[in-house]
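Topology and contacts: notes
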Amino acid sequence: MSKLDPGNGLLSSPIAVLGAGSWGTALAVHLARAGHPVRLWARSSELCEVLRRGSNPGYLPGIPLPHSIQVTSDLGDCVGCDPVLLVVPSHGFRQVLRDFLAAVSGAAVPGPGAPDAGPTIVSGTKGIEVESLTRMSGVCADEGEAAGRRLPFAVLSGPSFAAELASGTPTASVIAASDADLARRMRDLLSARNYRLYSSTDVVGVEIAGTAKNVVAIAAGAAAGLGFGHNTLAALMTRGLHEVTRLGLACGGRRDTFFGLAGMGDLVLTCTGGASRNRKTGLALAAGKSLQEISAETSMVAEGVLNSLALSRLADGMGVEMPITERMVQVMYHGLAPRVAVEELMRRDLKSETEP
């Protein structure tokens, strides 16, 4: 049984947020302010103690946490919550989900026959697994099957800096599920006056867009760090969107998704916003820092670093050309100078704008 008392907000069951980084904490703050009972899971008991003092200074400084948020480092305390927002880096998504499902199974053993329906899993993660090249929707399906549970899945993505959402800045995003009714229910549940969600059934497109734009943002940061101007940035973002869309369509996404909030909207924010971790990584690369030096300077994860490898491998296997992504892999992992990467992109064969 949970050690926490049930919430008494708008839902018969609380909403769980698994992951107390900047985005997970911001979502918990948003949901609590909207009147929902919220349980926020942090990996370490030490972070929980910090959060119980009323803020998360390491990840979301200056934002007070509503007293109604119940903080825990025990996944068992999140059993019975629905939906469950999983907001962790892509390389940790599978293990956290697996551990949560083990806690669920420990609380109630599924009956015989068809798999029991589990809680709706809402992914707030922008990435794919490097080893398996699996999107988070696939990870959820795999782990649900292994646990004998059918897990409804939705993905939340779009142009949204954590600090701005938590401070009440008007923000819009997309929530996608293959089941249109589920997408609408999650849209209506998670929206509030300052957070407007649009529903979609294009899970593939939303996941690919949210992953691939991060690598373009690293390139944008590198270009800025090299002193290039608005001409360069505009060209980089436009051609970046072109290659992100190309990969997304090859994977089964819909074109309109890449010109909406999850695609172009998020790309613009991540490439130009000062709070973008991926853009900051590009700036540091342009200054001559190595990935090891960059990672040592912060506890926050720039998803585009690892996902550049996954995207490059995925694109190569599908025969999709992604020149910006390929150059950033060379810069980050093979010692190519950022300025040389830009020069190589400029020297590519001239062609029609609609060609790869």
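Residues numbered from 1 in each chain as written. Predicted model: local features only at pLDDT ≥ 70, side-chain atom pairs only at ≥ 80, totals over all residues. Heavy atoms only, no water.

**Some words on the overall build of the protein**
Secondary structure summary: the protein contains 15 helices and ten strands in total. The principal-axis extent of the C-alpha atoms belonging to the protein is close to 65 × 45 × 35 Å. In the protein, which comprises 356 residues, the share counted as buried stands at 51%. Partitioning the contacts of the protein with sequence separation of at least 6, the portion at a separation of at least 24 is 75%. Within the structure as shown, the protein displays about 15600 Å² of accessible surface, and the carbon and sulfur contribution to it stands at 54%. Taken together, the 32 basic and 33 acidic charged side chains of the protein have centroids lying 5 Å from each other. (Helix = DSSP H or I, 4+ residues; strand = E, 2+ residues; numbered from the N terminus. Buried < 20%, exposed > 50% of the residue type's maximum accessible area, 1.4 Å probe, protein only. Contact = heavy atoms within 4.5 Å. Areas by Shrake-Rupley, 256 points an atom, 1.4 Å probe, with all protein chains shown as cover. Lys, Arg positive; Asp, Glu negative; His and termini not counted. Charge placed at Lys NZ, Arg CZ, Asp CG, Glu CD.)

**Things to note about the layout of surface pockets**
Of the volumes computed, that of the second largest pocket is approximately 640 Å³. If you go around the second largest pocket, you meet 27 residues; those closest to its centre are A235, R239, L345, M346 and R348. Put simply, the parts of the chain that give the lining of the second largest pocket at least two residues each are helix 7 (203-225), helix 8 (230-251), helix 14 (323-334) and helix 15 (338-346). In terms of residues, the lining of the second largest pocket owes the most to one element, helix 8, which gives seven residues. Here the residues of the lining of the second largest pocket sort into 16 nonpolar, three polar and eight charged. (1 Å grid on protein atoms, 1.4 Å probe; cavity = no way out; pocket = protein on both sides within 12 Å on 5 of 7 lines; lining within 4 Å. Points joined across faces, edges and corners; volume = space filled by probe spheres on them. Nonpolar A, V, L, I, M, F, W, Y, C, P; charged D, E, K, R; others polar.)

**Things to note about the sheet that holds strand 1 (residues 15-18)**
On the basis of which strands lie adjacent, the open sheet formed by eight strands has the order 3-2-1-4-6-8-9-10 and mixed pairing. Of all the strands in the sheet, just strand 3 (69-72) and strand 10 (195-200) have a single pairing partner and so form its edges. Neighbour-to-neighbour, the strand axes of this sheet turn through a mean angle of 25°, independent of strand direction. Bridging between strand 9 (residues 171-176) and strand 10 involves six bridges; their strand directions are parallel. From the neighbouring strand, I175 faces strand 10, where its bridge partner is S199. Where helix 6 (residues 180-190) meets the sheet, it contacts strand 1, strand 6 (121-123), strand 8 (153-157), strand 9 and strand 10, and its direction lies at approximately 180° from that of strand 10. (Pairing = 2+ DSSP bridges. Axes fitted to C-alpha atoms, helices over the stretch in contact; angles between N-to-C directions.)

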